[in-house]
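# Descriptive structure summary
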Amino acid sequence: MSTVRIPPTLRASTGGAKTVDVPAGSVREVIRGLVTAHPSLHSQLIAPDGDLNRFVNAFLNDTDVRHLQDLDTPVADGDTLVLLPAMAGG
Amino acid sequence: MTLETPIRQRTNAAAAAATFTDATDATDAERPRITGMACRSCGHAQPLAIAYVCPACFGPLEVTYDLAIAGSTFTRAAIERRAPGIWRYLELLPVDAAPARSLAVGSTPLIAADRLAPVLGVDRLWLKDDTRNPSLSFKDRAVAVATAQAVAFGVSALACASTGNLAGATAAAAAAVGLPAYVFIPADLEPAKVDHALAYGATVVPVAGTYDDVNRLCLEVADETGWGFVNINLRPFYAEGSKTLAYEIAEQLGWRSPDVLVAPVASGAMFTRVARGFEELAALGLIERRPIRYVGGQAQGCSPVATAFERGTDEIEPIREPNTIVRSLAIGNPADGRYAVELARDSGGSIEAIPDAVTAEAIRDVARLEGIYPETAGGVTLAAVAAARRRGVIRDGDEVVALITGNGLKTPAARTLGLAEGSLEGGRVAPGQPGLAPIIRPSLSAFEAWLGDAS
């Protein structure tokens, strides 16, 4: 299992859960698994074209997945995926 | 009581508050000029809160106004009667009233740079000298607004993720309102910026990583602690503070806009909010609506926005490891990058990528020709003026305003980059630096001997 950390903005859709355990796979598969378990996350996380919403950044073990293999990045058992708003600025 | 009262600040705030009371009639007071928050992407509306993410689509939240209400008291004559500082533009800021305690932010000079203009190749150049703010950068504007709301919301601490200028601004503002400050920075930040934040009593947390690593950590810390992070969970308020640059420039030019506005681009937030500031003034009829070309400057070693501009796309490809002396602009994953590209492109402007050596030369030029000493972002901005002129974005006769956003004392090592000899080593002036005489004995004969050799 991998762990997905849920930011406060999304916790209403996970029944208040801060983390959700999802079977490992690729980042895409983990997010798909998360949305399957908590369907109301779909509108927040998934863009109309089926990709990850551009306002969501995904970090695998604290590294932006765009610096890895993006949604194809493999997620192993014990890994942590963090979903955060795309919000950076000095 | 008297000993604890900062007389100068209180006097300004009291004067400002009195003016606003006089200028607001009872009817308008019944209808709020601040109407709430809305998502920039999907438009989802919600009441004002410490919130920055749209619960519907995860997009960025912004404060919304009723411009008709705001405009009813926001007239040239009313503004011109008010005390200096950013609160003279209160109607277009997301706070109910000028705060009782605030640093004296804004009303910085707009200086005609007649000596620098020909060096950069432009005909008319104004420098907005925001090195003059309380913590020596434009960040005081954004932080003042965020802090006013943080106090109103009753946060337990102020915090920020900083590339340097924000560190000092947040620490200073927290000191002024009596809140603890937590400042998160990349561990290898310039020492002067770290010391600056420490001086105001902040707790500085160095993080082993890039600014983007710091920012990601702070997103999670903000969620867990409830601290008021000025540029994260207070960001909708913080971002609005930068609009005051536009209001001041318009007023200082005699209520009109320039042909070209040149600004540094890090996250892109200030760049886009300055444009909104001019747009609001035009919408309210305080200035004539004329096209403004917006030019942004980035450091070549961290230029994701400039790269997107050159490629003709809105998609920002993040930079993992910035490589530049321009630390204040070293954001590899800019939140408002997409909007910054759109603004530059739609306005007929550009985003310029500036090599570090050119930035250093621009710092030296503006310091020796205009008596203004900017930190690295100011060097980038002035080099971007020259680059945009070469590109044809700036044309013959154009009136150009460039934003000098921070003071060079924060980045002393940058000035000497690329000089053939001389350097600042260990914070001490090393011999051999251009302009620096050798140490002489305290006698007139020694002076005359040196002068004879030198001339």
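What comes next concerns the included structure. (Residues numbered from 1 in each chain as written. Chains lettered and ligands numbered in written order. Predicted model: local features only at pLDDT ≥ 70, side-chain atom pairs only at ≥ 80, totals over all residues. Heavy atoms only, no water.)

### Some details on the pattern of salt bridges
All names here are of chain B.
- Inspection of every chain in the model, using the stated rule, returns 36 salt bridges over all chains.
- Put simply, Glu-240 and Arg-273 hold a salt bridge, and the shortest N to O gap is 2.5 Å. One end of the pair, Glu-240, is in helix α10 (residues 235–241); the other, Arg-273, is in helix α12 (residues 269–283), and 33 residues separate them in sequence. The exposure classification of Glu-240 matches that of Arg-273, with both residues buried.
- Because the salt bridges share partners, they merge into one network encompassing Arg-40, Glu-62, Glu-240, Lys-243, Arg-273, Arg-276 and Glu-280. (Salt bridge = Lys/Arg side-chain N within 4 Å of Asp/Glu carboxyl O. Helix = DSSP H or I, 4+ residues; strand = E, 2+ residues; numbered from the N terminus. Buried < 20%, exposed > 50% of the residue type's maximum accessible area, 1.4 Å probe, protein only.)

### Observations regarding the pairing of strand β6 (residues 158–161) of chain B
Residue and element names in this part refer to chain B.
- A two-sided burial pattern is seen for β6, the buried positions comprising Leu-158 and Cys-160 on one face and Ala-159 and Ala-161 on the other.
- Examined bridge by bridge, β6 and strand β7 (residues 181–186) share four bridges and lie parallel to one another. Residue pairing for β7: Ala-161 is matched across the bridge by Phe-184.
- At this point the chain moves from β6, through helix α7 (residues 165–177), to the parallel β7, and the crossover so formed is right-handed.
- Bridge count between β6 and strand β9 (residues 228–229): two bridges; the pairing is parallel. In the strand pairing of β9, Leu-158 is matched with Gly-228. (Pairing = 2+ DSSP bridges. Right-handed = clockwise from strand over helix to strand, strands pointing away.)

### A closer look at the interface of chain B and chain A
- Contacts between the two partners involve 35 residues from chain B and, on the opposite side, 28 residues from chain A.
- Between chain B and chain A, roughly 2,700 Å² of surface is buried when both sides are summed, and carbon and sulfur atoms account for 57% of that area.
- On the chain B side of the contact with chain A, Phe58(B), Arg216(B) and Arg320(B) bury the most area, a combined 28% of that side's loss.
- For the pair chain B and chain A, the number of links is four salt bridges.
- Put simply, Arg11(A) and Glu224(B) hold a salt bridge, and the shortest N to O gap is 3.2 Å.
- Across the chain B-chain A interface, the total number found is seven residue pairs in polar contact (both at pLDDT 80 or more).
- Within the residue set of the side of chain B that touches chain A, elements represented by two or more residues are α9 (211–225), α10 and α14 (337–347) of chain B.
- With eight residues, the single largest contributor to the side of chain B that touches chain A is α9(B). (Contact = heavy atoms within 4.5 Å. Buried area = accessible area lost by both parts, 1.4 Å probe. Polar contact = N/O pair within 3.5 Å; in protein donor to acceptor, adjacent residues only side chain to side chain.)

### Examining the sheet that holds strand β4 (residues 110–112) of chain B
Residue and element names in this part refer to chain B.
- Strand order in this open sheet of six strands is β4-β5-β13-β10-β11-β12, and the pairing throughout is mixed. Of all strands in the sheet, those bounded by a partner on one side alone are β4 and β12 (350–354). Direction aside, the axes of adjacent strands within the sheet are offset by 25 degrees on average.
- Bridging between strand β10 (residues 260–264) and strand β11 (residues 293–299) involves five bridges; their strand directions are parallel. Residue Pro-264 lies in a different strand from β11, and its bridge partner there is Gly-297.
- Across the face of the sheet, helix α16 (residues 376–391) comes into contact with β5 (124–129), β10, β11, β12 and β13 (399–404) while running at roughly 120 degrees to β12. (Axes fitted to C-alpha atoms, helices over the stretch in contact; angles between N-to-C directions.)

### Points about the sheet that holds β7(B)
All names here are of chain B.
- If you trace the four strands from one edge of the open sheet to the other, you get β8-β7-β6-β9, paired in parallel fashion. Across the chains shown, the open sheet's two edge strands, defined by having one partner strand only, are β8 (203–207) and β9.
- As judged from the five bridges shared by β7 and β8, these two strands associate in the parallel manner. Bridging across to β8, Phe-184 finds its partner in Val-205.
- α9 contacts β6, β7, β8 and β9 of the sheet and is inclined by roughly 150 degrees relative to β7.

Don't take any of this as a statement about function, it's just geometry.
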